[in-house]
Amino acid sequence: MSGLRILFVTSEMSPYSKTGGLADISAALPKALGAAGCDVRVVTPLYGFIDTGTFGISERSTNGHLDLRVAEHTLRASVRSVNGTARSMTPYFVDCDALYDRPGIYVDPFTGKDYIDNDYRFVMLARAALALCSQDDWIPDVVHCNDWQCGVLPLMVSQARRARKGWEHVRTVFTIHNMAYQGWFPPETLGRIGNGDEHYFPGGPLEFHGLVNFLKAGVAMADAVNTVSPTYAREIQGSYEFGFGLEGVLRSRPGSVSGILNGIDTDIWNPEADPLIAARFDATSFENKKACKRALCEKAGFHFADDVPVFAVISRITGQKGFEILGPAIPDILNRPAQFVVLGSGDPYYEHMFYEYARIYPDRFAVKLAYDEELAHAIEAGADFFLMPSRYEPCGLNQMMSMRYGTIPIVRSTGGLADTVVDADEDYEHGTGFRFHDYHTGALLWAVERALAAYRHQTRKEHIQRNGMHQDFSWARSARQYIELYQESLGREPLFST
Ligand code: ADP
C-alpha cells in the first residue's frame with residue numbers, strides 16, 4: 001500500500017467527456033492507483049453536455065462555492081462529485097457555467113474553431129483544483145498534471161510550496177499524452193491568467209518563438225516529466241518530427257523523460273464479459289468470435305464469409321493517424337477478397353475520402369462518421385485485422401483493445417505501437433501482429449500481404465490471436481511505475497522554485 005495522496009488534474013475523463021485516449025487514461029489510471037492504495041482525487045470540468053442525472057453527479061454535502069480570482073476577475077465555481085464512488089478514487093467536477101457550459105471540450109462545434117478562452121478555461125481548472133484542496137483541508141503529495149491544459153499547474157504548485165503551509169513537500173509530475181498539442185497563446189494570455197509574467201522572456205520557461213507555450217511551461221517546470229510509451233519518450237527527444245520544436249527543451253531537463261505505457265480498462269474491454277458484443281469469447285472459443293464477425297458484417301451490410309477478412313479502423317480522423325498512406329492502400333486491399341469498416345470523425349478531407357470508398361465499394365467498404373462507443377466494441381470483437389498506420393503514436397489504445405479481442409493489429413512501428421505489437425514474422429513464437437517501419441503506402445501493403453498469408457493458415461492465425469489475447473494490458477503494471485515516479489520525485493529537491 002503506497003498511501004500517497006495524488007491530485008490528478010485532467011481536461012477529459014471517460015465516460016463523462018472524451019476526445020481521445022487522455023479520457024480513458026484519466027479514468028483508468030486513477031482507478032488503478034486507488035486499487036494500489038493511493039488516495040486519488042481527479043479534478044475535471046463539468047462540461048455542459050455531461051448529463052449529471054445519468055451519471056449521478058450531485059452537489060457535495062460539504063460543498064461551499066469556490067471564488068476563483070484571476071487577474072482582476074473573480075469567477076464563482078462549485079464542485080460536484082459522483083454519488084457512491086470508491087473513496088480511494090473520487091472524481092470532482094468543477095461546475096462553472098462561464099467556463100464549461102458549452103457543447104464542446106476544446107473546439108466549438110458551431111464554428112469548428114478552438115474556443116478563444118481555452119487558456120483561461122484550463123488555467124481556471126488548475127486554480128479550482130488547488131482551491132478545492134484548501135477547501136477540504138487536503139494536501140496532496142503529488143499533483144499529476146496532464147498535457148498542455150495543465151501546463152501552468154507546476155508553476156502554480158511551486159508558488160503554493162512557498163505560500164501555503166504544509167505544501168513544502170508537494171511535487172509535480174507532468175505527463176505528455178501528445179506533443180502535437182502544445183497550447184500556444186499570445187503573450188497577452190499572461191495578463192488574462194494573472195500569472196507567469198516573470199517567466200516569460202526569450203528562452204524562458206513560458207516563451208516559445210514569441211508565444212506563450214503551455215506545454216513547454218509544464219515540461220520546464222514540473223519535477224518529473226513522462227510520456228506514455230518508452231519509444232515515444234525517445235522519439236520526442238530525438239527530432240523535430242516527433243518533438244514539434246520542444247525536443248531540445250525535453251533533452252535539457254535535468255531529470256530524464258521516462259516512458260510509461262498506458263494500459264486499457266480490462267473490465268470494460270473484456271471479450272469474456274462484454275455486454276456490447278454479439279457473443280462472449282476467450283482464447284479457446286473462436287467460434288463465438290465468428291458470431292461477432294457475422295454480426296459486424298450484418299451491421300455493415302456485407303455478405304458474411306468465414307474466409308474473407310474484415311479490416312477495421314477506429315480513430316480520430318486526423319493527419320496523425322496515417323490516413324494519407326492508408327487512403328491509396330484501400331483499393332489494393334479491396335481488390336482481393338476483403339471487407340473494410342471505418343469508425344471515426346474529424347478531418348473533412350479524409351471523411352470525404354472514406355465516403356467515396358463507401359460509394360465505390362458499397363458491398364465491401366462501410367464507414368460511420370461518428371463517435372460510437374457501442375459500435376467500437378462490436379468492431380473490435382468482429383474484425384480480423386485492425387489497421388493503425390500512424391505517423392506518430394504516443395501510446396495508442398486500439399491496438400491493445402484489438403489484441404485482447406483476438407483482432408490482429410497491423411501497425412506502423414512508432415511510439416507505443418512499436419512497444420506493444422510484436423511482429424509475427426520477426427518472432428514466430430511470440431508474434432502478436434504485423435509491423436512496418438517506413439511511412440508509405442507500399443510498406444503498409446507489404447505488412448497487409450504478410451498478415452493475409454498468416455490468415456490463410458488457421459493454426460498460425462489462431463496462434464497470433466492467442467498470443468495477443470494473453471498479453472497483460474491491465475493498468476496495475478503501469479500504476480506501479482507511476483507510483484515509483486511519484487516516489488522518486490518526492491525524494492528529490494523541487495526542480496523549480498519561485
Ligand atoms: P488518441 O488519443 O490519439 O485519439 P488512442 O488510441 O490513445 O488515440 O485512444 C483513442 C480512444 O478513442 C480509444 O478508446 C478509441 O476506441 C476511441 N475512439 C476514437 N474514435 C472513436 C469513435 N469514432 N468511436 C468510438 N471510439 C472512438
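In the block above lies the structure referred to throughout.
First, a word on what this report is: a plain description of the structure on this page. Just so you know, these numbers come straight off a predicted model, no measurement behind them. (Residues numbered from 1 in each chain as written. Predicted model: local features only at pLDDT ≥ 70, side-chain atom pairs only at ≥ 80, totals over all residues. Heavy atoms only, no water.)

**A few points about the sheet that holds strand 13 (residues 211–213)**
With antiparallel pairing, the three strands of this open sheet are ordered in space as 11-13-12. The open sheet has two free edges, formed respectively by strand 11 (184–185) and strand 12 (207–208), since each of these has just one partner strand. In terms of strand pairing, strand 11 meets strand 13 through two bridges, oriented antiparallel. Residue pairing for strand 13: Phe 185 is matched across the bridge by Val 212. Taken strand by strand, helix 7 (residues 214–221) contacts strand 11, strand 12 and strand 13, and its axis lies near 55° from that of strand 13. (Pairing = 2+ DSSP bridges. Helix = DSSP H or I, 4+ residues; strand = E, 2+ residues; numbered from the N terminus. Contact = heavy atoms within 4.5 Å. Axes fitted to C-alpha atoms, helices over the stretch in contact; angles between N-to-C directions.)

**As for the side chain of Arg 171**
Note on placement: Arg 171 falls in strand 10 (residues 171–176). Although buried, Arg 171 forms no salt bridge, and the nearest oppositely charged side chain, Asp 223, lies 4.7 Å from it. Engagement of the side chain of Arg 171 in a polar contact is seen with the backbone oxygen of His 169, the distance being 3.2 Å. In this view, Arg 171 contacts Asp 141, Val 142, Val 143, Arg 161, Asp 223, Ser 489, Leu 490, Arg 492, Glu 493 and Pro 494; residues no more than four positions away in its chain are not counted. (Buried < 20%, exposed > 50% of the residue type's maximum accessible area, 1.4 Å probe, protein only. Lys, Arg positive; Asp, Glu negative; His and termini not counted. Salt bridge = Lys/Arg side-chain N within 4 Å of Asp/Glu carboxyl O. Polar contact = N/O pair within 3.5 Å; in protein donor to acceptor, adjacent residues only side chain to side chain.)

**A short note on the packing of aromatic side chains**
Counted under the stated rule, the structure contains 24 aromatic pairs. Through pairs of rings, three or more aromatic residues link up here, namely Phe 311, Phe 323, Phe 340, Tyr 349, Tyr 350, Phe 354, Tyr 357, Tyr 361, Phe 365, Phe 385 and Tyr 455. Positioned above the aromatic ring of Tyr 115 is the side chain of Arg 102, whose terminal nitrogen or guanidinium carbon lies 4.9 Å from the ring centre. One residue, Arg 450, lies across the ring of Trp 446, its end atom 4.2 Å from the ring centre. (Phe/Tyr/Trp six-rings, centres within 6.5 Å; stacked < 30°, edge-to-face > 60°. Lys NZ or Arg CZ within 6 Å of the ring centre and 35° of its normal.)

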